[in-house]
Number of protein chains: 6
Amino acid sequence: MTSTRIDGRQPDQLREVRITRNWLDHAEGSVLVEFGRTRVLVAASVTTGVPRWRTGSGLGWVTAEYAMLPRATHTRSDRESIKGRVGGRTHEISRLIGRSLRAVIDYKALGENTIVLDCDVLQADGGTRTAAITGAYVALADAVEHLRGLGALAGEPLKDSVAAVSVGFNSAGVALLDLQYEEDSAAETDLNVVMTGSGTFVEVQGTAEGAPFSRDELGALLDLGTLGCAELTRIQREALA
Amino acid sequence: MTSTRIDGRQPDQLREVRITRNWLDHAEGSVLVEFGRTRVLVAASVTTGVPRWRTGSGLGWVTAEYAMLPRATHTRSDRESIKGRVGGRTHEISRLIGRSLRAVIDYKALGENTIVLDCDVLQADGGTRTAAITGAYVALADAVEHLRGLGALAGEPLKDSVAAVSVGFNSAGVALLDLQYEEDSAAETDLNVVMTGSGTFVEVQGTAEGAPFSRDELGALLDLGTLGCAELTRIQREALA
Amino acid sequence: MTSTRIDGRQPDQLREVRITRNWLDHAEGSVLVEFGRTRVLVAASVTTGVPRWRTGSGLGWVTAEYAMLPRATHTRSDRESIKGRVGGRTHEISRLIGRSLRAVIDYKALGENTIVLDCDVLQADGGTRTAAITGAYVALADAVEHLRGLGALAGEPLKDSVAAVSVGFNSAGVALLDLQYEEDSAAETDLNVVMTGSGTFVEVQGTAEGAPFSRDELGALLDLGTLGCAELTRIQREALA
Amino acid sequence: MTSTRIDGRQPDQLREVRITRNWLDHAEGSVLVEFGRTRVLVAASVTTGVPRWRTGSGLGWVTAEYAMLPRATHTRSDRESIKGRVGGRTHEISRLIGRSLRAVIDYKALGENTIVLDCDVLQADGGTRTAAITGAYVALADAVEHLRGLGALAGEPLKDSVAAVSVGFNSAGVALLDLQYEEDSAAETDLNVVMTGSGTFVEVQGTAEGAPFSRDELGALLDLGTLGCAELTRIQREALA
Amino acid sequence: MTSTRIDGRQPDQLREVRITRNWLDHAEGSVLVEFGRTRVLVAASVTTGVPRWRTGSGLGWVTAEYAMLPRATHTRSDRESIKGRVGGRTHEISRLIGRSLRAVIDYKALGENTIVLDCDVLQADGGTRTAAITGAYVALADAVEHLRGLGALAGEPLKDSVAAVSVGFNSAGVALLDLQYEEDSAAETDLNVVMTGSGTFVEVQGTAEGAPFSRDELGALLDLGTLGCAELTRIQREALA
Amino acid sequence: MTSTRIDGRQPDQLREVRITRNWLDHAEGSVLVEFGRTRVLVAASVTTGVPRWRTGSGLGWVTAEYAMLPRATHTRSDRESIKGRVGGRTHEISRLIGRSLRAVIDYKALGENTIVLDCDVLQADGGTRTAAITGAYVALADAVEHLRGLGALAGEPLKDSVAAVSVGFNSAGVALLDLQYEEDSAAETDLNVVMTGSGTFVEVQGTAEGAPFSRDELGALLDLGTLGCAELTRIQREALA
């Protein structure tokens, strides 16, 4: 069977993934992560101390903020700063990224330090949230190294690595890995899978945009997502090597 | 094995579910839905016409807004109207409810009519989003009947019914159905399942609050969620009979 | 003379008033108050301590917030949380309720405790602010009992009870008690009267929507309001018995 | 009996009231109104047309906005523009001024024109809302003349004049007219009375800041308010002569 | 050559400048400053202490806020408090006024005191920012005297005086001093010059609204601005005498 | 004399300037502009039509928005989208960029098209506004070419090119060109100069952060700025060649 994907990929093939570390000079960790034409700049900012509700607990904190530049997309969007409010989608993705990273953090080992991951989409071509999670892990690892260099850690805060990928069915019912924009728009079902480096699930978010899906279809998507996350884990390791 | 659930339920047992239709006088459909002590008031509002971006398409629209009264919870929360911004969690759940209902809607049959589902949590004890979806479907069905009575439909807009339930593992590794507040807070893994009356998946949202989960554990949760949704579908049918 | 009121009431007759205590499980006091089809859920939340500007004074504080669910009314209103600002009418009524309750509070006896009364209109059919005040007093009394049970009071904080009712003239010049929605919309003059259980005035707010009114007309409305508040005081006592 | 008022006035005496017309060059009507040291600048702005919900009705519209400069008061207040939201008190007074003026307007004679009254308090010493209403009527009358000069009226839009004054009891139980700041702060009961030039009531807003008041006490305040409004009506006529 | 200016002034002639001190009773310094028909009310508010980021430094702080009343202009503008956000022009001018005043302040001599200058434009006819700066210096001087009277100063906080004026070319290429509204609107190039009493520059803000300007043209404008500021300095001294 | 500049530059030397065109795939013009470590991403978005107030005039429109990523700076800043308001500095710079570009635009030749320049600072090391203007001109030129390719122009909309640079005195009184962050922070006087390719001034914004400056000092800064803008104009031409 020949592939019918827009960019000539096989159904189970990732786009070209590039992770460029230290893209910024000021941040304690920074990554330009690219999934094909999707390009996300991740900056990890370390501060001593934790939010007020956590002070004195001896535990650290990790959080994330996601945003898109106005012209990341095909047509320009209004800035949320000018609209004066953060949209629902932005909120939702910020929360997803934060939860995903916290799933591999040992708060005690991190000590009372906070790491904020800013994920700004410079260019969007589908899969911005999965690229953001995948890149944010690498920036997080660099920020953790920075803290280690300062002697500010009480152990190894990274219990595991974490990566994410999208999967979905095209209209012909073929399961596709790492959807780019046109594929994402056309997909009947869309699943974002966030997995640890050791192969367990952190988040599974499946949505039937078109037709509801069966248990078997869900299984096929999970298989493909597992494969994609394993490959992304390998790329993260190389980048950090 | 004896149940260790706080309220004496079996692991695979729903809380008492009550669906009271026509709780309001003005709304075209309205339901007070209760999952145990969780109590959500759903009002369906019908308006002729659709949002501007959809005008002239011949297609209808369904959307939802979720909110909590300040004292729905154990301690009082500040009002989002007074804070001047809608929180991320509120946004996220509103979007989930809207997508879930739209998954069973035939826009063409609905014609250029809009139905807004307001889901206001009067009392929260875990599972507010799943109760909201389950109740909202019933209010939606009543609003559709209202439109049918006006001769405003171009066919049957309801392709299927939709219901939702939460499932999760307690610290002993037992899979529990329909988590109430304390169980939800303690769960290592939490999965919200939204399913159609015919047993297919509309949304699957799994989150590892504590430890990441394996494919087998995900399978166990999906089994339990499928069972719960089937039971909720039965209760919805009774309510609408 | 036969009554011409829409719902068959005599001009000086209240709608059926129902006060259901303990409608919520979490709040320290809660009431579902109904004036006919007007239905307001009141939750009293107790917290130790007072706002910063009052700290160390030895005095307590009582405040209120009023809001309407989007579909409380005949046609759906936009949520103030989504508009990002609280409207003038909402502000005005919240302030009225707060002042009315504070008029019967002995701050010293309350000690440095705060009670917030959330009055959420589930269904509106005229008189939502007067129903809210009348119900809020009962929830407040329950919250005070809660504090008494904790041994947190320095005396009896309730100096009196407080209730409220609306009165107005219909187009035929007949003075009507407790206006429902259609009567309220049609009234030339509208007066809200807030009175203590011992028969003194806390607030008198008269507005000539149509024609300005004379001193005699004001007197007639005050007579009727006095009568209505006395009856509401009786109903409050029964509810609290 | 000798007066005990701070500024030597008799209990039933107004402060010196000054109404300076045409204080601004651009506005269609403008007044600097002073009640003693309280100083309010009122600008009436005329625009052709009415708000959308009124278009095509043949009826005009009158509305008002009230605000305080940051240093109108003894200590500086934060600007509402910088806080990003209009406070409850501001909203409430704006609404009161608007209703008061509309009570004397014949919308049909005004035709589809809008008059906005901006009432900006330059200096506050009690009675800002009553000064604003009293001055706004004069600015409104000038704006109406402006429209008459343009031939834009369909008759006489001013059915009557309108003025307002505050009254209250001091701690010795003496009823005082036109409270300045210290008197207002100390008053047990506070009543704002808005009356037409022909002596009928437009608004009566009485509040028991301290002790609730009896029917007789309310009567005494209404007598004094009636007297004060009559005097203000005379001053308005002189200003407009 | 005869002047062609709208109001008959010579090209290098200021409008009539009036500075009325103590226009308000509460503020520690206050000035009504008029540049022809442009009328700005400046209130200086003194508070003990400085913003948090400056606490403990022993240094004082001076800041400014600029705003326009809705009907200061030919047609009414919406209030920024109601729009819920401060516009870019307002921000920009507030910052300019604050910087200009701080340039002549010795923070150490001021001690840990804050002076806020509120500049509210009551009527706008061009040059509101320059009138505001010129008047604000006088109000600042009065506020400094107030602090001196309290023995709260550690020396002389005013290192110099500061004044401002606008200059620009009309369409005939004539350089004009102190542009009023019509001249300002028509000017190809507009320069605001802020200078100390001793003749040095604090701010120079030149903008080519129409055609870019040459170095010689800039020189001519700077000459004229220098002349205007010297004259304003003289008027400030007279006012403070 | 040996240079004392932090990075070894001569006083009259620009940092290394890099202009990378077509950095984005979707935008009609896009540039990554770097002044040393200052890095600004500019996207030009073309839309048919102009804002409402300009419709039907036959004239085009050009506007700009400036913003900083949270970690563009040494320490992380809060997002303006989350604060819910755009800061004064952001507003001020957005307006400056817009005016600078419009100064070289022939609106008639542009026709009723709008070009929005989004200038997002990825990394800040001083001179972000001057880098933004310099880069935005290049992106604007590409967007104009795009419109030309569509046959949507009525002539040549670019009357000239425009570039900008900062100049200032260090504490030793040496005039420096193109200040990087530490130099900018330490400068007593700071001047931003915006000039056309043909050597005339579009904007001159001088601020005495420390000591006010004399006419001669202003002259020296203008000389240096003129030199810097000429060099930047050359670099722009190369980039566009």
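Residues numbered from 1 in each chain as written. Chains lettered and ligands numbered in written order. Predicted model: local features only at pLDDT ≥ 70, side-chain atom pairs only at ≥ 80, totals over all residues. Heavy atoms only, no water.

1. Let's talk about the relation of the copies chain D and chain C
Piece 1. Placing chain D over chain C gives an RMSD of 0.0 Å and needs a rotation angle of 180°, together with 0.0 Å of translation along the axis. Classification of the inter-copy transformation places it as that of a two-fold axis. Ranked by how close their C-alpha atoms come to the rotation axis, the residues of chain D are headed by Q205(D), at 2.3 Å.
Piece 2. In this assembly, 100% of the residues forming the interface of chain D have copies in chain C that are likewise at the interface, indicating an isologous arrangement. (Least-squares fit on C-alpha atoms with pLDDT ≥ 70 in both. Contact = heavy atoms within 4.5 Å.)

2. Remarks on the relation of the copies chain F and chain A
Piece 1. Note on the copies: chain F fits chain A at an RMSD of 0.0 Å, the axial shift is 0.0 Å, and the rotation between them is 180°.
Piece 2. Most of the interface of chain F is mirrored in chain A: 100% of its interface residues are interface residues there too.

3. Some points on the UniProt feature "binding site: phosphate" (unreviewed entry) in chain A
Piece 1. Mapped onto the present numbering, the UniProt feature "binding site: phosphate" (unreviewed entry) falls at R89(A), G127(A), T128(A) and R129(A). The named residues occupy 41 residues along the chain; their greatest pairwise C-alpha distance, 13.5 Å, places them in one compact cluster.
Piece 2. Within the secondary structure, R89(A) sits in helix 2 (residues 88-102).
Piece 3. On the basis of relative accessible area, R89(A) is assigned to the partly exposed category, the value being 32%.
Piece 4. Filtering out sequence-adjacent residues up to four positions away, R89(A) remains in contact with Y66(A), M68(A), T128(A), R129(A) and R95(B).
Piece 5. Mapped onto the fold, G127(A) is located in the loop between strand 5 (113-123) and helix 4 (128-149).
Piece 6. Looking at G127(A), the relative accessible area reads 15%, which means it is buried.
Piece 7. Ignoring anything within four residues of it in the chain, the contact list for G127(A) reads R15(A), T38(A) and L179(A). (UniProt positions renumbered as here; feature names shortened; annotations may be inferred. Helix = DSSP H or I, 4+ residues; strand = E, 2+ residues; numbered from the N terminus. Buried < 20%, exposed > 50% of the residue type's maximum accessible area, 1.4 Å probe, protein only.)

4. Side note on the UniProt feature "domain: Exoribonuclease phosphorolytic" (unreviewed entry) in chain A
Residues and elements named next belong to chain A.
Piece 1. With numbering aligned to this structure, UniProt lists the feature "domain: Exoribonuclease phosphorolytic" (unreviewed entry) at residues 13-143 and 161-225.
Piece 2. Note that residues 13-143 is 30% helix and 32% strand, and that its end C-alpha atoms are spaced 30 Å apart.
Piece 3. For residues 161-225, the helix share is 26%, the strand share is 42%, and the end-to-end C-alpha distance is 16 Å.

5. So, the sheet that holds strand 7 (residues 175-177) of chain A
Piece 1. A sheet is described by the order of its strands in space; here 8 strands give the open sequence 7(A)-6(A)-8(A)-9(A)-9(B)-8(B)-6(B)-7(B), paired in antiparallel fashion. Looking at strand neighbours, the two that pair on one side only are strand 7 of chain A together with strand 7 (175-177) of chain B, the edges of this open sheet. Here the average twist between neighbouring strands, direction ignored, is 20°.
Piece 2. Sheet topology places strand 6 (residues 162-169) of chain B next to strand 7 of chain B; 3 bridges connect them, and they run antiparallel. Residue pairing in the sheet places G168(B) in a bridge with L176(B) of strand 7 of chain B. (Pairing = 2+ DSSP bridges. Axes fitted to C-alpha atoms, helices over the stretch in contact; angles between N-to-C directions.)

6. Considering the pattern of salt bridges
Piece 1. As enumerated under the stated definition, the model contains 150 salt bridges over all chains in all.
Piece 2. Measuring nitrogen to oxygen at the nearest pair gives 2.9 Å for the salt bridge that ties R148(C) to E156(C).
Piece 3. Judged by relative accessible area, R148(C) falls into the partly exposed class, the value being 32%.
Piece 4. Look at E156(C) and you get partly exposed, because its relative accessible area is 39%.
Piece 5. The shortest N-O distance in the salt bridge between D7(F) and R9(F) comes to 3.0 Å.
Piece 6. Look at R9(F) and you get buried, because its relative accessible area is 5%. (Salt bridge = Lys/Arg side-chain N within 4 Å of Asp/Glu carboxyl O.)

7. Concerning the sheet that holds strand 7 (residues 175-177) of chain E
Hydrogen bonds along the backbone pair up the strands of a sheet, which may run parallel or antiparallel.
Piece 1. Taken together, 8 strands build an open sheet; the order of strands is 7(E)-6(E)-8(E)-9(E)-9(F)-8(F)-6(F)-7(F) and the sheet is antiparallel. A strand with exactly one partner marks an edge of an open sheet, and here the two such strands are strand 7 of chain E together with strand 7 (175-177) of chain F. Going from strand to strand, the sheet's axes swing by 20° on average, the running direction of each strand aside.
Piece 2. Each of strand 6 (162-169) and strand 8 (189-196) of chain E is contacted by helix 4 (residues 128-149) of chain E, which is oriented at about 165° to strand 6 of chain E, the strand it contacts most.

8. Overview of unusual backbone geometry
Residues and elements named next belong to chain A.
Piece 1. In this structure, D178 takes a positive phi of about 55° despite not being glycine.
Piece 2. Considering the arrangement of structural elements, one finds D178 in the loop between strand 7 and helix 5 (181-186).
Piece 3. Overall, the relative accessible area of 0% leaves D178 in the buried class.

9. Focus: the interface of chain D and chain C
Piece 1. Each partner contributes to the interface: chain D provides 26 residues, whereas chain C provides 26 residues.
Piece 2. At the boundary of chain D with chain C, total buried surface from both sides reaches about 2500 Å², with 51% on carbon and sulfur atoms.
Piece 3. Sorting the residues of chain D by area buried against chain C places E92(D), F201(D) and R215(D) first, and these three jointly supply 24% of that buried surface.
Piece 4. Summed over the shared surface of chain D and chain C, the result is 4 salt bridges.
Piece 5. The salt bridge involving E92(D) is made with R95(C); its shortest N-O contact spans 2.6 Å.
Piece 6. For the interface between chain D and chain C, the tally reads 15 residue pairs in polar contact (both at pLDDT 80 or more).
Piece 7. Where the side of chain D that touches chain C is concerned, the elements lending two or more residues are helix 2 (88-102), strand 9 (201-208) and helix 6 (215-240) of chain D. (Buried area = accessible area lost by both parts, 1.4 Å probe. Polar contact = N/O pair within 3.5 Å; in protein donor to acceptor, adjacent residues only side chain to side chain.)

10. Looking at helix 4 of chain E
Piece 1. Between its first and last C-alpha atoms helix 4 of chain E spans 31 Å; for 22 residues at 1.5 Å apiece the expected length is 32 Å, and the two agree.
Piece 2. Of all 22 residues in helix 4 of chain E, 18 are buried, a share of seventy percent or more. (Expected span 1.5 Å × (residues − 1).)

11. A short note on the interface of chain F and chain A
Piece 1. Each partner contributes to the interface: chain F provides 36 residues, whereas chain A provides 36 residues.
Piece 2. For the pairing of chain F and chain A, the buried interface totals around 3000 Å² over both sides, and the portion due to carbon and sulfur atoms is 51%.
Piece 3. Connecting chain F to chain A are 14 salt bridges.
Piece 4. Ionic pairing is found between D118(A) and R76(F), a salt bridge with its closest N-O pair at 2.4 Å.
Piece 5. The interface formed by chain F and chain A contains 22 residue pairs in polar contact (both at pLDDT 80 or more).
Piece 6. When its residues are assigned to classes, the side of chain F that touches chain A shows 17 nonpolar, 7 polar and 12 charged. (Nonpolar A, V, L, I, M, F, W, Y, C, P; charged D, E, K, R; others polar.)

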